[in-house]
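A look at the structure
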Amino acid sequence: MASGNVFTQLRPCHAQMNEYVKKLITCPYCQVYVTPPYRQCSEGHLLCSNPECRKSDTICFCGRPIIDFEIKRMKLIYDMLCFSCEYEKNGCKAVIRGKDLESHLLNCEYKNRTEPLSPRRSSV
Ligand SMILES: [Zn+2]
Ligand SMILES: [Zn+2]
Ligand SMILES: [Zn+2]
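Source: prediction; values computed, not measured.

Cut-offs used in this document
- Residues numbered from 1 in each chain as written.
- Chains lettered and ligands numbered in written order.
- Predicted model: local features only at pLDDT ≥ 70, side-chain atom pairs only at ≥ 80, totals over all residues.
- Helix = DSSP H or I, 4+ residues; strand = E, 2+ residues; numbered from the N terminus.
- Contact = placed C-beta atoms within 7 Å.
- Expected span 1.5 Å × (residues − 1).
- Buried ≥ 20, exposed ≤ 12 C-beta atoms within 10 Å, placed from the backbone.

Moving on to the overall build of the protein chain. Within the protein chain, the secondary structure is distributed over 4 helices and 2 strands. For the protein chain, the α and β elements follow one another from N to C terminus as α-α-α-β-β-α. Here the analysis covers contacts within the protein chain between residues at least 6 apart in sequence; of these, 35% occur between residues at least 24 apart.

As a further point, take helix α2 (residues 12-24). Counted at 1.5 Å a residue, the expected span for α2 with its 13 residues is 18 Å, and the 18 Å between its end C-alpha atoms agrees. Counting buried residues in α2 gives 0 out of 13 residues, a small share hidden from the surface.

A separate point is the environment of Gly91. Secondary-structure assignment places Gly91 in the loop between β1 (82-84) and β2 (95-97). Between the C-alpha atom of Gly91 and that of Glu109, which follows or precedes it by 18 residues, the distance is 9.5 Å.

Shown next, in the form of structure tokens:
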């Protein structure tokens, strides 16, 4: 059992920073947090995994070309961000680091109340 809430361990300025970075990685179109791998267009927009938020595989929603490399440092930042669980509305009180978020969402005991949106689909 995890003891304590990661948010309560953060100092106010750290909590603010956490929220600030989360805002920066939010897709302006679908309002979801953009998850790694991070790619951006030449204008600096981060691209979410939702194909509807871009014009094509190589063109961002703003019409500029998508730069063809991954921003690896952004993943390191994402790993350490604190998120509340997507199923908070169902009663989950967990606060999860970015790197553990995906596995938490897969195993969250509150998730069965609603159908989770899967941002990535494996076609294996
Ligand atoms: Zn989006
Ligand atoms: Zn763009
Ligand atoms: Zn949860």
